[in-house]
Amino acid sequence: MRHVINILSIIILLLGLSLLITFSGRYIIPGANIRDLAVFYLYTTFNPWLEKLTVNSPEAVTAIVWDYRGLDTLFETAVFYLALIAGLALARGSIFRAIISHGGHGLSLIVKTVTKITSPMIITVGAAIALHGHLTPGGGFQGGATTAVVPMILIVVFSIIFLLERGVSKENMLVLRSIGLIGIGITAIALYLFGIVVGSRAFVFQNMAKPLSNIAFPAHIRGILISGTLWFFNLFEFVAVAAGFTLAFMILIMAEERGETNE
Amino acid sequence: MNEWINTYLLTIFVISIMFNIAISIYGIFLRPNYIKKIIALTIFSDSANVFAIYIGYRRWVDNINPRPPVLTTPSPEALSYFTQVAVDPLPQALVLTAIVIGLAVTLFLVFLGYQLYRNYKTLDMREIRRLRG
């Protein structure tokens, strides 16, 4: 009886939500006056004829994520980092370093060989997604998440010991993750510090020249478009996310292993 | 006819998102297993994200196919056409942020679940509720 009431209440909630959207559709789905905001973003995202306002990135989403709303993304990265730290704190005391290797771990030879061939390819694709983030759909987070598949596959196919023997340890991943986060921070204030040195006005999280500030990151390096800070942000975010995910997988797998061998 | 098919497909899309949300709410509130609650929570947040992108996607471009917000040829004519046909990039950027934060929360919940299992030797929320203190 209780089950029926539960399901009924969910159905009523669903129907009510649909009814609300039906009646107030013109309020929930934004009207044409909001399009102006989108037009502004689309018009200034790559506009060499509008030097003081453009981001010089053909991909509008990356431009918003790392330039227009860059501070937002910095805190988002910090939240992800804090979640990892919280996970480490919760799983503390359950991590040990496996040193013994008998060579007999993992799945069959066929799976191992295929994994050896595909792993570099996956890393390449992930790096391409991250480093072309300012040109094509993608970015540091997507590329990092793609790359983090590789350690997961390696843990399943070989074993956690395979990774530990090759230096992919919990401590190293934490260091790599911190390097990524510090890199993002330094890129964010780089132009501000440069402005202090040169004696010109510049802002934190500034990328291209603004109406009040004349100095800018280079949009091109040797004729190749890098969109100023966006390329560096994507690179460091790639490192940070890939290392962070690897760390999370490793903690979970290691913790499980300890549970089996405990007592 | 073409317009009718488009409307029909979009209606199916919206209804399936609503159905997804209903299933995930059922999972969050009524499944006793902690892992299934987490899975339902991720389904819920993904459905909400897809819905946000849908709202940003449609509507603006009448009679022209909406394009992704990526400029391919840099010229003033291409730019003005681009501002007309490209979809709103802001919901996509916000959803990207939401996905990352959701992932961080999921990660934390998984570790919390691990800790629950270590302390209580079960992931059944009914049992855990019974074990006070």
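Located above this text is the structure these notes cover.
These remarks concern the structure in this document. No experiment lies behind these values; they were computed from the predicted model shown. (Residues numbered from 1 in each chain as written. Chains lettered and ligands numbered in written order. Predicted model: local features only at pLDDT ≥ 70, side-chain atom pairs only at ≥ 80, totals over all residues. Heavy atoms only, no water.)

### Quick notes on the interface of chain B and chain A
Taken together, the contact pairs 43 residues of chain B with 53 residues of chain A. Taken together, the two surfaces of chain B and chain A that pack against each other cover about 4,400 Å², and 81% of this comes from carbon and sulfur. At the junction of chain B and chain A, the tally comes to zero salt bridges. Put simply, chain B and chain A have three residue pairs in polar contact (both at pLDDT 80 or more) between them. Looking at the side of chain B that touches chain A, the elements that each hand over two or more residues are helix H1 (2-30), helix H2 (34-57), helix H3 (76-85) and helix H4 (89-120) of chain B. Tallying contributions element by element places H4 of chain B first for the side of chain B that touches chain A, with 20 residues. Per-class residue counts for the side of chain B that touches chain A are 34 nonpolar, six polar and three charged. (Contact = heavy atoms within 4.5 Å. Buried area = accessible area lost by both parts, 1.4 Å probe. Salt bridge = Lys/Arg side-chain N within 4 Å of Asp/Glu carboxyl O. Polar contact = N/O pair within 3.5 Å; in protein donor to acceptor, adjacent residues only side chain to side chain. Helix = DSSP H or I, 4+ residues; strand = E, 2+ residues; numbered from the N terminus. Nonpolar A, V, L, I, M, F, W, Y, C, P; charged D, E, K, R; others polar.)

### Here's the deal with the packing of aromatic side chains
For any two aromatic rings, the description comes down to two numbers: the centre-to-centre distance and the angle of the planes. Residue and element names in this part refer to chain A. The tally for this structure, following the rule as stated, stands at nine aromatic pairs over all chains. Summarising the aromatic geometry, the rings of Phe141 and Phe245 are spaced 6.5 Å apart at their centres and angled 50° between planes, so their arrangement reads as tilted. In this pair, Phe141 sits in helix H7 (residues 140-147) while Phe245 sits in helix H11 (residues 229-261), placing the two residues 104 residues apart along the sequence. Judged by relative accessible area, which is 9%, Phe141 ranks as buried. When its relative accessible area of 10% is taken as the criterion, Phe245 is described as buried. Between the aromatic rings of Phe245 and Phe249, the centroid separation amounts to 6.2 Å while the plane-to-plane angle is 20°, which identifies the pairing as stacked. Highlighted residues: Phe245 and Phe249, both in helix H11, separated by four residues, approximately one helical turn. Judged by relative accessible area, which is 23%, Phe249 ranks as partly exposed. (Phe/Tyr/Trp six-rings, centres within 6.5 Å; stacked < 30°, edge-to-face > 60°. Buried < 20%, exposed > 50% of the residue type's maximum accessible area, 1.4 Å probe, protein only.)

### Considering empty space enclosed by the protein
Applying the stated criterion to the full structure yields two cavities of 30 Å³ or more. For the lining of the second largest cavity, the elements supplying multiple residues, two or more each, are helix H4 (60-68) and helix H5 (70-90) of chain A together with H4 of chain B. It is H4 of chain B that contributes the most residues to the lining of the second largest cavity, three residues altogether. (1 Å grid on protein atoms, 1.4 Å probe; cavity = no way out; pocket = protein on both sides within 12 Å on 5 of 7 lines; lining within 4 Å. Points joined across faces, edges and corners; volume = space filled by probe spheres on them.)

### Regarding the pattern of salt bridges
Under the counting rule described, the total for this entry stands at four salt bridges over all chains. With its nearest N and O atoms 3.9 Å apart, the salt bridge here joins Lys170 of chain A to Glu171 of chain A. Between Arg126 of chain B and Asp124 of chain B there is a salt bridge, with its nearest N and O atoms 3.1 Å apart.

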